[in-house]
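Summary of structural features
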Amino acid sequence: MKSIDTRGFQQDLLGWYHNNKRDLPWRKDGDPYKIWVSEIMLQQTRVDTVIPYFNHFMRLFPTIKDLAEADEETVLKAWEGLGYYSRARNLHTAVNEVQEHYGGVIPADPVSIRKLKGIGPYTAGAISSIAFHYPEPAVDGNVMRVLARIFTICDDIAKNGARKRFEAIVREIIAENEAADFNQALMELGAMICTPRDPDCHSCPVAEHCYAREEGVQAYLPVKAKKKPPKNVYLDTYVVVNAGGELLIEQRSDTGLLAKLWQFPMTEKEQEQEKLQDEVSYVQHVKHVFSHLVWEMDVYLLQIGEEEEQAWLEANERRKFVHPDDLTLYPFPVSHQKIIDGAIADNMN
DNA sequence: TATTCGTGGGC
DNA sequence: TGCCCAAGAAT
């Protein structure tokens, strides 16, 4: 391990952060609840994407108590479009844990924080340091990238065990009395200056401490293995309309992909097939790309009579007919938004 | 340890 | 366009 001037590094980093930190809604006060919510939303999600969701979320659920007492479906609706929906369900579970076990007050120690649902090593460190000023590491992708360059570390940061080495480094170089700013400064630097592609070394406040810069290898760090390509899934999707003009929707499984969100009935097919013909009219093809799979959806419109309603409902306990205007009450995945738009447009005819 | 969890933006 | 990426956690 190469060594740096730790005190000089801290001063240069903290000085830059003081003058350049972004004015973000969760930085306006030190409310641990706001910091918690923001950290969950920010997992694998950009700041610009999170800001409107955070502001809306705080109007709906201003306090832990408000969030704990809300229906899970209401929380999921507030999360609609943000992705990784288990974050919303786990956060809802965790705030109820705080209500029951901690009298509604977020525990201040890192060990207790880490035990809450949906809070892993990074988020525990982030809340502990930012909200409660413990000198704990908060190692995310930014921090691994920055430190890989500062110390020319060639470990594959895509590997699961990589984080621990960086946590050990942070424990050595963290500004003990300014842990909140130090951790945020490392992340801010990674987001604004020490970016994945084309890092702006000329503007970097800690360039003189950076071995990658000195050796001219910043473009080759960090090392990160490529992930395998997504798998294709072929689906028939049915917009079923009854005699009353209502649409058939169903709630997805309590676990797995898009858990507990709503959708139009879908059936998976072995592979890409000929379009269906009788009884149904083909509407559109919708392609939706997830992290690890791709949905190829053939969407069909199906008008049914009263006698057919029961059969469609009995095929799945989690189905119901709803008026088109009421679709906005349910959390749908983004993959279904354009189907909804089309379905409502069709219903106007 | 590797895979499963979304989505939108940038080039 | 296709690919990479973003303040990760759960399994």
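Conventions and cut-offs
Residues numbered from 1 in each chain as written. Chains lettered and ligands numbered in written order. Predicted model: local features only at pLDDT ≥ 70, side-chain atom pairs only at ≥ 80, totals over all residues. Heavy atoms only, no water. UniProt positions renumbered as here; feature names shortened; annotations may be inferred. Helix = DSSP H or I, 4+ residues; strand = E, 2+ residues; numbered from the N terminus. Contact = heavy atoms within 4.5 Å. Areas by Shrake-Rupley, 256 points an atom, 1.4 Å probe, with all protein chains shown as cover. Lys, Arg positive; Asp, Glu negative; His and termini not counted. Charge placed at Lys NZ, Arg CZ, Asp CG, Glu CD. Buried < 20%, exposed > 50% of the residue type's maximum accessible area, 1.4 Å probe, protein only. Patch = residues over 30% accessible without salt bridge, like charges linked within 9 Å, V, L, I, M, F, W, Y side chains within 5 Å. Salt bridge = Lys/Arg side-chain N within 4 Å of Asp/Glu carboxyl O. Near = heavy atom within 4 Å. Polar contact = N/O pair within 3.5 Å; in protein donor to acceptor, adjacent residues only side chain to side chain. Nonpolar A, V, L, I, M, F, W, Y, C, P; charged D, E, K, R; others polar. Axes fitted to C-alpha atoms, helices over the stretch in contact; angles between N-to-C directions. Parallel < 35°, antiparallel > 145°, perpendicular 65-115°, else oblique. Left-handed = near helix turned anticlockwise from the far one by under 90°.

Chain A appears in an unreviewed UniProt entry as Adenine DNA glycosylase from Salisediminibacterium halotolerans. The Catalytic activity (unreviewed entry) comment attached to chain A in UniProt states, word for word, "Hydrolyzes free adenine bases from 7,8-dihydro-8-oxoguanine:adenine mismatched double-stranded DNA, leaving an apurinic site." Its UniProt record gives chain A the following Sequence similarities (unreviewed entry) comment, quoted word for word: "Belongs to the Nth/MutY family."

1. Notes on the overall build of chain A
Looking only at helices and strands, chain A has 14 helices and seven strands in total. Overall size of chain A, expressed as C-alpha extent along the three principal axes, is 80 × 50 × 30 Å. In chain A, the proportion of contacts linking residues at least 24 apart, taken out of those at least 6 apart, comes to 68%. For chain A, the exposed surface amounts to about 18,100 Å²; the carbon and sulfur share of it is 47%. For chain A, the distance from the average position of its 39 positive side-chain charges to the average position of its 53 negative side-chain charges is 7 Å.

2. Some points on the side chain of Lys269
Tracing the backbone through its elements, the reader meets Lys269 in strand S4 (residues 266-269). Take Lys269: its relative accessible area is 8%, and that puts it in the buried class.

3. Considerations on a negative patch on the surface
Negative charge collects at one region of the surface, where Glu279, Glu306, Glu307 and Glu308 lie side by side. Along the chain, Glu308 turns up in helix H13 (residues 306-314). According to the relative accessible area criterion, Glu308 is partly exposed, its value standing at 33%.

4. Here we look at the UniProt feature "domain: HhH-GPD" (unreviewed entry) in chain A
Mapped onto the present numbering, the UniProt feature "domain: HhH-GPD" (unreviewed entry) falls at residues 41-192. Taken as a whole, residues 41-192 contains 64% helix and 0% strand, while its terminal C-alpha atoms sit 19 Å from one another.

5. Brief notes about the protein's contact with DNA strand B
The full set close to DNA strand B counts 20 residues, and Arg46, Asn160, Leu258, His288 and Ser291 are the nearest of them. Sugar plus phosphate: this is where 54% of the atoms of DNA strand B within 4 Å of the protein reside. The side chain of His292 places a nitrogen or oxygen atom 3.3 Å from a sugar or linking oxygen of DNA strand B. Looking at the surface near DNA strand B, its residues break down into nine nonpolar, nine polar and two charged.

6. Here we look at the packing of helix H3 (residues 47-60) against helix H5 (residues 72-79)
Orientation of H3 relative to H5, taken along the N-to-C sense of each, is 155°, at an axis distance of 10 Å. As judged from the angle between their axes, H3 and H5 are roughly antiparallel. Viewed along their axes, H3 and H5 form a crossing whose handedness is right-handed. Side by side, H3 and H5 meet where Tyr53, Phe57 and Leu60 of the first sit next to Val75, Ala78 and Trp79 of the second. Grouping the constituent residues of the contact of H3 with H5 by class yields six nonpolar, no polar and no charged.

7. A closer look at the pattern of salt bridges
Under the criterion given, the structure shown has 14 salt bridges. Of the charged contacts in the structure, one is a salt bridge between Glu188 and Arg22, with a shortest N-O distance of 3.0 Å. Of this pair, Glu188 sits in helix H11 (residues 179-192) while Arg22 sits in the loop between helix H1 (6-20) and helix H2 (32-41), and the two are 166 residues apart along the sequence. Here Glu188 falls in the buried class, since its relative accessible area comes to 1%.

8. Quick look at the environment of Asp5
You can see Asp5 is positioned in the segment before H1. Along the primary structure Asp5 and Tyr330 are separated by 325 residues, whereas in three dimensions their C-alpha atoms are 55 Å apart.

9. Section: the protein's contact with DNA strand C
Close contacts around DNA strand C come from 27 residues, with Gln44, Gly118, Asp140, Asn142 and Pro196 the closest. Among the atoms of DNA strand C lying within 4 Å of the protein, the sugar-phosphate backbone contributes 65%. Between Arg22 and DNA strand C, the recorded distance is 3.3 Å, taken from a side-chain N or O atom to a base nitrogen. Between DNA strand C and Gln44, the relevant distance is 2.6 Å, taken from a phosphate oxygen to a main-chain nitrogen or oxygen of the residue. Mapped onto the surface near DNA strand C, the elements with two or more residues apiece are helix H8 (121-130), helix H9 (141-150) and H11. Broken down by class, the residue content of the surface near DNA strand C amounts to nine nonpolar, eight polar and 10 charged.

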